[in-house]
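# Observations on chain architecture
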Amino acid sequence: MKLEKIESKIAVLPIDNVDTDQIIPARYLKSISKDGLGEGLFRDWRLNADGTPKADFVLNQPQAKGVQILVTGDNFGCGSSREHAPWALVQNGIRAVISTSFADIFKGNALKNQLLPVVVPADAHAELLKSPWAVVKIDVVDQTVTLPSGRTVKFPIDAFSKTCLVEGVDELGYMLQQESAIAAFEAKRVGSVNTLL
Amino acid sequence: MKASSEAGSRPRTIVEKIWDSHVVAEKPGAPALLYVDLHLVHEVTSPQAFTMLRERGLKVRRPDLTIATMDHSTPTTSRDLPMLDPVGKAQLDQMTRNCKDFGIRLYDLKTTKQGIVHVIGPEQGLTQPGMTIVCGDSHTATHGAFGALAFGIGTSQVGHVFATQCLLQTPSKTYAIRVDGALRPGVSAKDIILAVIARIGIGGGTGSVFEYLGSTIRSLSMEERMTICNMSIEGGARAGLVAPDDTTYQYMAGREFAPKGADWDAALARWRQLPTDHDAEYAHALTLDANELEPMVTFGTNPGMGIAISGNIPDPASVADPIEKSDLIKALKYMDLQPGKPLKGHPIDVVFVGSCTNSRISDLRAAASIIKGRKVSPKVRMLVVPGSMQVKKQAEAEGLDKIFRDAGADFREAGCSMCLAMNGDQLEPGEYSVSTSNRNFEGRQGKGGRTFLASPLTAAASAIMGVVTDVRTLL
């Protein structure tokens, strides 16, 4: 699957440190597949105990239908390493999250699921926070975000992740191609325990 | 103590040394391919990775470097009872099937070595200095206490390691966290790390790995070092290390998977080269004076929202940043706490002593030392969950189980238990717990549950008094 451009309304969630327990509570982690995680997304922020939607949660608003870009506060995705978090976001149609920073493990997991973590500077972030439901464009190749004002800002992404996204490269396939380097490393290891068990 | 750099080579931190010796291949424009010495596996983050292997017709490359346990979904009630949760049971059964099909050693619920993945690795001598260690679990940072580069990975990467025994990685920066001085009575390792995170915030270590240094760190036991390294991730750092020293080697000598004989001597010689070189540079640094530390407790909904036990809950009115202010208001609303008031004296419903942070024998001894001869408050239910069946056995040999039960606490089988609400041990909505675990996020211990994170000493003292308590008043 390739990811080159995203154009979408933004849903704004102005909360810092959104942790992966909020993104997908632990009770959804008993699943042995990736199926059905979408219904767990922000479950306890989205729904009341009786299962009815909470009126004030951003993703419950009528304008949220079809939204592919989430704008959040700082340090999005902190906490547990559960990859179920990007799975739940992707299963709800989210393709990018824009923030001022992302937790390391979440960022890596997101990229492996074609969910784009986009870091923008504080002033661009401030503009986005003030523009709920505005349309924003993200260009992965150019590494730009076009803000509601029309101004563009650059966002960082490492070259390898970008290639994987834009060209649909299978990361494991790439790694398996390095079999001879792996075997050579194993053969020449000095000292470290080669076999533990 | 610090190894001098070899003539002609640049000074390196311990992290750089481990990194350099594990790079399999490096191509321009791509992350390095890093070899993994030890892959720890549990039932929650592995099923989809095994499915991927089956779909692609791949095997586990090094089953001999892979070890699995059951910990998150497992009930902590008697193993003879049928499991009540069919979904959890299905996950455990799948784990059994996966390990059998792929030839991976599994410490299942019938074995004497089962336990929380980050407790069993070290206690068996699997965790060793200078290793790269990964697991689909963010508290893999725990193993850094041995001077290993240990970090959490997602399920996709679990699959990568299964198939290639490698990961694509870019190096992190190293952030030196120095703690010097003597801990005062009642103050323990958990309070150190809670104080660090309160100081730098839960995003403070993003992009970095922590190296813990200083006289206080050197004075700690391996179990205490594990408590600190465990919560590195709560400070935003993917990993946290303590360079190995004689404390490390004494802990490791003779453990089941530790090297023996000539292999031990050779390993020791290698390990002694690991500590950070004298002139090596860190990207960031923080210094704490241990003498100034008090028992800590968190009041809010992330591990950085912590205060000294004698402190007051912060007031949102004094927070300038609008999102930070609204987040604090939201946290206080969720926890139903008043700004400016002390947290000490707040009534509690549950005390949990357990989790990969604080469930080892020294943690149980610490809690027992406060509980002994006293009773758990009738308003409190207390759960003590040893981190592994080996810890449980040792606790029983020392009579700790009797101390807990005589006081009215529940002493359980090993597992992650109430750290996260996925195995039957959890809070009811609105209940307050003092917990020795590592996360106080909204709903973490149960939907609507309210968590105060603290040390085993603080937890035990609070269990007796029925309110958040300064353990120093009971010493």
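Before reading further, recall that the structure is shown in the block above.
Report follows, based on the coordinates. Worth saying up front: this structure is predicted, and the values here are computed from it rather than measured. (Residues numbered from 1 in each chain as written. Chains lettered and ligands numbered in written order. Predicted model: local features only at pLDDT ≥ 70, side-chain atom pairs only at ≥ 80, totals over all residues. Heavy atoms only, no water.)

## What about the nonpolar core?
Residues A:Phe42, A:Phe76, A:Leu89, A:Phe106, B:Phe404 and B:Phe452 are the most contacted members of the largest nonpolar core, which totals 173 residues. The leading source of residues in this core is helix 6 (residues 189-200) of chain B, at eight residues. In contact with B:Phe404, not counting residues within four places along its chain, are B:Leu364, B:Ala367, B:Ala368, B:Ile371, B:Val384, B:Ala409 and B:Phe411. (Core = buried A, V, L, I, M, F, W, Y, C linked by side-chain atoms within 4.5 Å. Buried < 20%, exposed > 50% of the residue type's maximum accessible area, 1.4 Å probe, protein only. Helix = DSSP H or I, 4+ residues; strand = E, 2+ residues; numbered from the N terminus. Contact = heavy atoms within 4.5 Å.)

## Some thoughts on the sheet that holds strand 3 (residues 96-99) of chain A
Residue and element names in this part refer to chain A. With respect to topology, seven strands assemble into an open sheet ordered 4-3-2-1-5-6-7, the strand pairing being mixed. Every other strand in the sheet has two partners, leaving strand 4 (116-119) and strand 7 (152-154) as the edge strands with one partner each. This sheet shows a mean twist of 30° between the axes of neighbouring strands, independent of strand direction. Strand direction decides the pairing type here: strand 1 (residues 5-13) and strand 5 (residues 135-139), joined by five bridges, are antiparallel. Residue pairing across strands places Ile 6 opposite Ile 138, the latter belonging to strand 5. Strands strand 1, strand 2 (69-72), strand 3, strand 5 and strand 7 of the sheet are contacted by helix 5 (residues 122-129), whose axis makes an angle of about 110° with strand 2. (Pairing = 2+ DSSP bridges. Axes fitted to C-alpha atoms, helices over the stretch in contact; angles between N-to-C directions.)

## Overview of the interface of chain A and chain B
Between chain A and chain B, the contact holds 61 residues from the first and 77 residues from the second. Taken together, both faces of the contact between chain A and chain B bury some 5500 Å²; the carbon and sulfur share is 59%. Joining chain A to chain B, the criterion identifies eight salt bridges. Ionic pairing is found between A:Glu179 and B:Arg61, a salt bridge with its closest N-O pair at 2.6 Å. Our enumeration of links across chain A and chain B arrives at 21 residue pairs in polar contact (both at pLDDT 80 or more). Of all the secondary structure elements, the ones that give two or more residues to the side of chain A that touches chain B are helix 1 (20-23), helix 2 (43-46), helix 3 (84-91), helix 4 (104-111), helix 6 (159-167), helix 7 (171-176) and helix 8 (179-188) of chain A. By residue class, the composition of the side of chain A that touches chain B is 26 nonpolar, 19 polar and 16 charged. (Buried area = accessible area lost by both parts, 1.4 Å probe. Salt bridge = Lys/Arg side-chain N within 4 Å of Asp/Glu carboxyl O. Polar contact = N/O pair within 3.5 Å; in protein donor to acceptor, adjacent residues only side chain to side chain. Nonpolar A, V, L, I, M, F, W, Y, C, P; charged D, E, K, R; others polar.)

## Some words on the sheet that holds strand 1 (residues 23-25) of chain B
Residue and element names in this part refer to chain B. Sheet architecture is open: three strands sit in the order 1-2-8, paired in antiparallel fashion. The open sheet is flanked by strand 1 and strand 8 (166-169), the only strands paired with a single partner. Neighbour to neighbour, the strand axes of the sheet diverge by 45° on average, direction disregarded.

## Here we look at the pairing of strand 5 of chain A
Residues and elements named next belong to chain A. Across three bridges, the pairing between strand 5 and strand 6 (residues 144-146) is antiparallel. When the sheet's bridge partners are listed, Ile 138 is paired in strand 6 with Val 145. The hairpin formed by strand 5 and strand 6 contains four residues between the paired strands, and Gln 143 there has a positive phi angle of roughly 60°.

## Description of the packing of helix 12 (residues 361-371) of chain B against helix 13 (residues 389-397) of chain B
Residue and element names in this part refer to chain B. Across the interface, helix 12 lies against helix 13 with an axial gap of 9 Å and an inter-helix angle of 40°. Judged by the angle between their axes, helix 12 and helix 13 are oblique. In terms of crossing hand, the pair formed by helix 12 and helix 13 is right-handed. Every residue of helix 13 that contacts helix 12 at Ile 361, Leu 364 and Arg 365 is listed here: Val 391, Gln 394 and Ala 395. Residues belonging to the contact of helix 12 with helix 13 are distributed by class as follows: four nonpolar, one polar and one charged. (Parallel < 35°, antiparallel > 145°, perpendicular 65-115°, else oblique. Left-handed = near helix turned anticlockwise from the far one by under 90°.)

## Structural notes on the pattern of salt bridges
Scanning the entire structure with this criterion turns up 39 salt bridges over all chains. Among the ionic pairs, B:Arg178 bridges to B:Asp180, the shortest N-O distance being 3.1 Å. You can call B:Asp180 partly exposed: its relative accessible area is 26%. Linking B:Arg412 and B:Asp425 is a salt bridge whose minimum nitrogen-to-oxygen distance equals 3.1 Å. In this pair, B:Arg412 sits in the loop between strand 17 (410-411) and strand 18 (432-435) while B:Asp425 sits in the loop between strand 17 and strand 18, placing the two residues 13 residues apart along the sequence. Residue B:Arg412 shares its accessibility class with B:Asp425, and that shared class is buried. Here the salt bridges do not stand alone but share partners, grouping A:Glu179, A:Glu186, B:Arg61, B:Arg62 and B:Asp64 into one network.

## A closer look at the environment of A:Met175
On the secondary structure map, A:Met175 appears in helix 7. Residue classification places A:Met175 among the buried positions, given a relative accessible area of 0%. It is 34 Å that separates the C-alpha atoms of A:Met175 and A:Gly73, two residues lying 102 residues apart in sequence. Those residues in contact with A:Met175, other than ones at most four positions away along the chain, are A:Ile182, B:Leu33, B:His160, B:Thr164, B:Cys166, B:Leu167 and B:Leu168.

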